[in-house]
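# Results of the structural survey
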Amino acid sequence: QVQLVESGGGLVRPGGSLRLSCAATGSIFTIYDMGWYRQAPGKQRELVATITSGGSTNYADSVKGRFTISRNIAENTVDLQMNSLNLEDTAVYYCNEDIVRWYGRQEWFWGKGTKVTVSS
């Protein structure tokens, strides 16, 4: 059993910052790519940022220069530092990870999401 649990969401004013974290637990051998996605009300889920096992990162154009993704391989965590938040960043944020289980099976997992609301 593998679980991804996000934390760190909340209410923040425009221009403020939040740090999201996602912890993976269970029968994990290794984790390849890790990422954050978001889904705003009435919109499709979209990619926010990804990070490979080697540390290469990729960001959506809308968050470049404001958000930073990082990972702790030893602790199986991935964080998303979000600065200069604006109203358009309001969404439920999900982590997504490519996980290899101890018995060799590789599959993608999703967390249940953490809500970020940017409002004045």
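Preceding this section is the structure that the text describes.
Residues numbered from 1 in each chain as written. Predicted model: local features only at pLDDT ≥ 70, side-chain atom pairs only at ≥ 80, totals over all residues. Heavy atoms only, no water.

## Considerations on the pattern of salt bridges
- Counted by the stated rule, this structure contains 7 salt bridges.
- With its nearest N and O atoms 3.3 Å apart, the salt bridge here joins Asp-79 to Arg-19. With Asp-79 in strand 8 (residues 77-82) and Arg-19 in strand 3 (residues 18-26), the pair connects residues that are 60 residues apart, well separated along the chain.
- On the accessibility criterion, Asp-79 (16% relative accessible area) is buried.
- A salt bridge links Arg-38 to Glu-46; the nearest nitrogen and oxygen atoms lie 2.7 Å apart.
- Each of Arg-38, Glu-46, Arg-66 and Asp-89 takes part in a single network of salt bridges with overlapping partners. (Salt bridge = Lys/Arg side-chain N within 4 Å of Asp/Glu carboxyl O. Helix = DSSP H or I, 4+ residues; strand = E, 2+ residues; numbered from the N terminus. Buried < 20%, exposed > 50% of the residue type's maximum accessible area, 1.4 Å probe, protein only.)

## Some thoughts on the pairing of strand 7 (residues 67-72)
- Residue alternation in strand 7 divides its side chains into a buried set, Phe-67, Ile-69 and Arg-71, and an unburied set, Thr-68, Ser-70 and Asn-72.
- Pairing of strand 7 with strand 8 involves 6 bridges; the strand directions are antiparallel. Across the sheet, residue Ile-69 finds its bridge partner in strand 8, namely Leu-80.
- Hairpin connection, strand 7 to strand 8: the antiparallel pair is bridged by 4 residues, and Asn-76 has positive phi, about 55 degrees. (Pairing = 2+ DSSP bridges.)

## Side note on the nonpolar core
- Among the nonpolar cores identified, the biggest contains 31 residues, and Trp-36, Leu-80, Met-82 and Tyr-93 are the most heavily contacted of them.
- Elements represented by at least two residues in this core include exactly strand 1 (2-7), strand 3, strand 4 (28-39), strand 5 (46-51), strand 7, strand 8, strand 9 (91-101) and strand 11 (114-118).
- Setting aside residues up to four positions removed in sequence, Met-82 forms contacts with Gly-16, Ser-17, Leu-18, Leu-20, Arg-66, Phe-67, Tyr-93 and Val-116. (Core = buried A, V, L, I, M, F, W, Y, C linked by side-chain atoms within 4.5 Å. Contact = heavy atoms within 4.5 Å.)

## Observations concerning the state of the cysteines
- For the coordinates displayed, the defined rule picks out 1 disulfide.
- A sulfur-sulfur distance of 2.0 Å marks the disulfide that ties Cys-22 to Cys-95. With Cys-22 in strand 3 and Cys-95 in strand 9, this pair connects stretches of sequence that are 73 residues apart. When sorted by exposure, Cys-22 lands in the same class as Cys-95, which is buried. (Disulfide = S-S within 2.5 Å.)

## Topic: the sheet that holds strand 3
- In space, the 4 strands of this open sheet follow the order 1-3-8-7, with antiparallel pairing throughout. A strand with exactly one partner marks an edge of an open sheet, and here the two such strands are strand 1 and strand 7. Ignoring which end each strand starts from, the neighbouring axes of this sheet average 15 degrees apart. (Axes fitted to C-alpha atoms, helices over the stretch in contact; angles between N-to-C directions.)

## Quick word on the environment of Gly-55
- For Gly-55, the position within the fold is in the loop between strand 5 and strand 6 (57-59).
- For the pair Gly-55 and Arg-71, spaced 16 residues apart in sequence, the C-alpha to C-alpha distance is 7.9 Å.

## A short note on the pairing of strand 4
- Bridge analysis of strand 4 against strand 9 gives 9 bridges, and the strand direction is antiparallel. Along strand 9, the bridge assignment pairs Gln-39 with Val-92.
- In this sheet, strand 5 lies alongside strand 4 in antiparallel orientation, the contact comprising 5 bridges. Paired with Trp-36 across the two strands is Ala-49, which belongs to strand 5.
- In textbook terms, the turn of a hairpin is the stretch between consecutive antiparallel strands, and for strand 4 and strand 5 this stretch comprises 6 residues, one of which, Gly-42, has a positive phi near 75 degrees.

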